[in-house]
Each structure stands twice: as C-alpha cells, then as structure tokens.
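Reading the structure
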Amino acid sequence: PTSAQVSVLPHSGRFCYTLDNDLLSPEQRQFYEDNGYLLIRSLISDRDIERFRKEFTRICKREVKPPGVMIMKDESLRSQFGQSEKVVNKVQDFQEDEELFRYCTLPEVLKYVECFTGPNIMAMHTMLINKLPDSDKQTFLHPMHQDLHYFPFRPASRIVCAWTAMERAHQDNGCLVVQPGTHKTALKPHGYPEWEGKTNKLFHGLLHEDESIPKVHLVMEKGDTVFFHPLLIHGSGINRTSGYRKSISCHFASSECHYIDVKNTTQEHLEKELQEMVCKKYNATSVELKDIWNFRARLVQGERINL
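Calculation rules
- Residues numbered from 1 in each chain as written.
- Predicted model: local features only at pLDDT ≥ 70, side-chain atom pairs only at ≥ 80, totals over all residues.
- Heavy atoms only, no water.
- UniProt positions renumbered as here; feature names shortened; annotations may be inferred.
- Helix = DSSP H or I, 4+ residues; strand = E, 2+ residues; numbered from the N terminus.
- Contact = heavy atoms within 4.5 Å.
- Areas by Shrake-Rupley, 256 points an atom, 1.4 Å probe, with all protein chains shown as cover.
- Expected span 1.5 Å × (residues − 1).
- Buried < 20%, exposed > 50% of the residue type's maximum accessible area, 1.4 Å probe, protein only.
- Salt bridge = Lys/Arg side-chain N within 4 Å of Asp/Glu carboxyl O.
- Core = buried A, V, L, I, M, F, W, Y, C linked by side-chain atoms within 4.5 Å.
- Axes fitted to C-alpha atoms, helices over the stretch in contact; angles between N-to-C directions.
- Left-handed = near helix turned anticlockwise from the far one by under 90°.
- Nonpolar A, V, L, I, M, F, W, Y, C, P; charged D, E, K, R; others polar.
- Polar contact = N/O pair within 3.5 Å; in protein donor to acceptor, adjacent residues only side chain to side chain.

The protein chain goes by Phytanoyl-CoA dioxygenase, peroxisomal in an unreviewed UniProt entry, where it is assigned to Phainopepla nitens. Turning to the protein chain, the UniProt annotation filed under Sequence similarities (unreviewed entry) states: "Belongs to the PhyH family." The heading Pathway (unreviewed entry) in the UniProt record of the protein chain holds the text "Lipid metabolism; fatty acid metabolism."

Here is the structure:
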C-alpha cells in the first residue's frame, strides 16, 4: 500500500501525464506536464543507498551471481583492476537480486510511481549505473535518447522512470542532461552515433538531434530522485573526475499496458540486436521480444493484468 490515493483515469482537463492523486501538488503536476520530469529531493535514505552500494560491490567481485543479470564492463581495465567496481560500468536486469530489487519496492518510491502509472505497477527494467572516470576516451558518454525506443509496450504516458543519485551528481561527473518538454514529441529514430571507438552495445542515440532545444543539467544530491517520461530526450555527460558516479533506477509501467509489434517500426533493428544478445547469452536458437520482457518484468504492487 502507498499513501497516494490515485484515480486510474487522467484528469479530464488540465493534466495528461499524471493521474489524479493526493500526493503531488498542482504545481508539481504542472511542472511534469510542461517539462516531462519531476525531481524529488532526499527521497531515498543513506542507509538504503549504502546497502545497494555493498550489493553492487559483491556482484562486481562475483560473490553473488543473480540469475539474468547483465554486467557491462570496460574489459581494457581488467588487467589493471581485476574483478572490481573499477571495471563495471553497469549492472542491468537485477530483478532476481533480492537486495537491489528492494529499490523497486520501496514505499517512498512507489507512492510517487503510482501517480504516473496507477495502482497496478510492474517493474520492467532495472539498472545500477557506475559511471567510470572517462575524461579522455568518452567511452561511457550516453548520447541523447528516448527510453521508449527500448520498450515494446504502450501507452507511453503510463510508463515512468525513477532514477536515484547514489552520490552527488553534477556536470563534472556526468549527471543527467534533459531537454524539457520533449516528452510531448513522437518517438524518433535511434541508432549508434558516429563516434569511432566510443560506442557501447545498446547505447543508442538520436540519429538527428535538435541542438536548438535547450538542455538542463540535473544536479542532484545523494538520495535525490527524478521521475521522468519515457519520451523525454535525455542522456548523460562525461565523468571528468577520478571518482565513480553511481545511480540506481527502474522503469515502471502500469500492468494494464500492452505489448506492441515493433516490426516495420523504428524499433525493429533494436529487437534483432536484443534477440541476438539473449540467444548468445543463453545458447538459444530463437527468442521472442515479448518473452524477454516477460522475464525481466516483476509485479511490485496491485494486480498483474497484461504485462
């Protein structure tokens, strides 16, 4: 149960992107309506963040091996640092790790999520990002993109990402960068940017970025959490410090969302790439995109309906 009492239908007049609730103020709802994101300060406790940090370290050292987890590394650093957090850039799909998945079930997170999704909530996609120091190579610069590019389910307005800073995030260590208001645009074509030697698997970006749209750097303190729409254009900068900028996130969706067929759409090439990766990892001959997402998805509140 959460403290937010939510109507499952959007407000008939003023608000399209949030549901009627008793948690968000009219000013907060209007800000999300206009900008596509909402920053909540000091939402997650230091105690919880330290628990997530310790579990991340255990995964890096292979002291625990959660089923299905995808660990992304900079292999060039392994000879220098071995099996440690100084090599791992991202732990993705941690839905089977009991400790990290606690993030997706925290009442203080879900009460806000419910304002966007309604009461039946699925955790669809999980990540702990450890942005490595990267001042020269720019290896882990994530180009500007829309998260909906990765998702074969709709409607977009019932999907929201919760992204929590595990330490201070600022321009020097590669904080989130957003283009306010772009959540009102359509899903745009994505692909690998033309950065020779600087692209990572599945780090897709906009093929045609509109540089005239203003960008906002989201400077966040430890425990601050931003909720944002899956069509909001965003990315993250280069970590020019010697430290490791960590964040933990989950994309949530209403279980009343439905899967779509991405064939003959701008998402089709992503489907093929993801299927190839999963088949290689699990030595499978074929796999359906819907099955991949069914494996990732977990109910965190309410009733599982479609997803």
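In this section: the overall build of the protein chain. Summing up its helical and strand segments, the protein chain has seven helices and 16 strands in all. For the protein chain, contacts bridging at least 24 residues in sequence account for 80% of all contacts bridging at least 6. Summed over its atoms, the accessible surface of the protein chain is roughly 13600 Å², and 50% of this surface lies on carbon and sulfur atoms.

It is worth spelling out helix α6 (residues 268-282) at this point. Since the α-helix turns once every 3.6 residues, residues separated by three or four places project in the same direction. Over its 15 residues, α6 extends 21 Å from the first C-alpha to the last, a length consistent with the 21 Å expected when each residue adds 1.5 Å. For α6, every residue scored as buried is listed here: L270, E271, E273, L274, Q275, M277, V278 and C279. Residue N283 follows α6 closely and has a positive phi angle near 55°.

It is possible for side chains of opposite charge to pair when their charged atoms get near one another. A complete count under the given rule lists 15 salt bridges for this structure. Linking E50 and R53 is a salt bridge whose minimum nitrogen-to-oxygen distance equals 3.5 Å. With E50 and R53 both in helix α2 (residues 46-60) and three residues apart, this pair spans about one turn of that helix. Between E63 and R58 there is a salt bridge, and its shortest N-O distance comes to 3.9 Å.

General note: in soluble globular proteins, nonpolar side chains tend to be found buried as a group. Judged by nonpolar contacts, the single largest core of 39 residues is most densely connected at Y103, C104, V109, F227, I248, F252 and V300. Those elements giving two or more residues to this core turn out to be β1 (37-40), α2, β3 (88-92), α4 (98-105), α5 (107-117), β4 (121-131), β7 (159-165) and β14 (245-254). Counting residues per element, this core draws most heavily on α5, which supplies six residues. Residues M124, F151, I159 and V287 belong to the second largest nonpolar core, which totals 23 residues.

Our next topic: the packing of α6 against helix α7 (residues 289-296). The description of two packed helices rests on the angle between their axes and on the distance between the axes. Contact pair α6 / α7: the axes reach a minimum separation of 10 Å and the direction vectors enclose 65°. Pair α6 / α7 crosses with left-handed handedness. Within the contact between the two elements, α6 uses E271, L274, Q275, V278 and Y282 and α7 uses L289, I292, W293, F295 and R296. By residue class, the composition of the contact of α6 with α7 is seven nonpolar, one polar and two charged.

Glancing now at unusual backbone geometry. P155 follows R154 through a cis peptide bond whose omega is 5°. As for its placement among the helices and strands, P155 is situated in the loop between β6 (153-154) and β7. Notably, S42 is not glycine yet its phi reads approximately 50°, a positive angle. When its relative accessible area of 60% is taken as the criterion, S42 is described as exposed. Residue N264 is not a glycine yet carries a positive backbone phi of 65°. The residue N264 is located in the loop between β15 (258-259) and α6 in this model. Looking at N264, the relative accessible area reads 75%, which means it is exposed.

Turning our attention to the environment of N239. Note that N239 resides in the loop between β13 (234-236) and β14. Here N239 falls in the buried class, since its relative accessible area comes to 0%. Put simply, N239 and D134 are 105 residues apart on the chain and 5.3 Å apart in space, counted from C-alpha to C-alpha. Within the structure, the side chain of N239 is placed 3.0 Å from the backbone oxygen of K131, a separation counted as a polar contact. Here G243 takes part through its backbone oxygen, which lies 2.9 Å from a polar atom of the side chain of N239.

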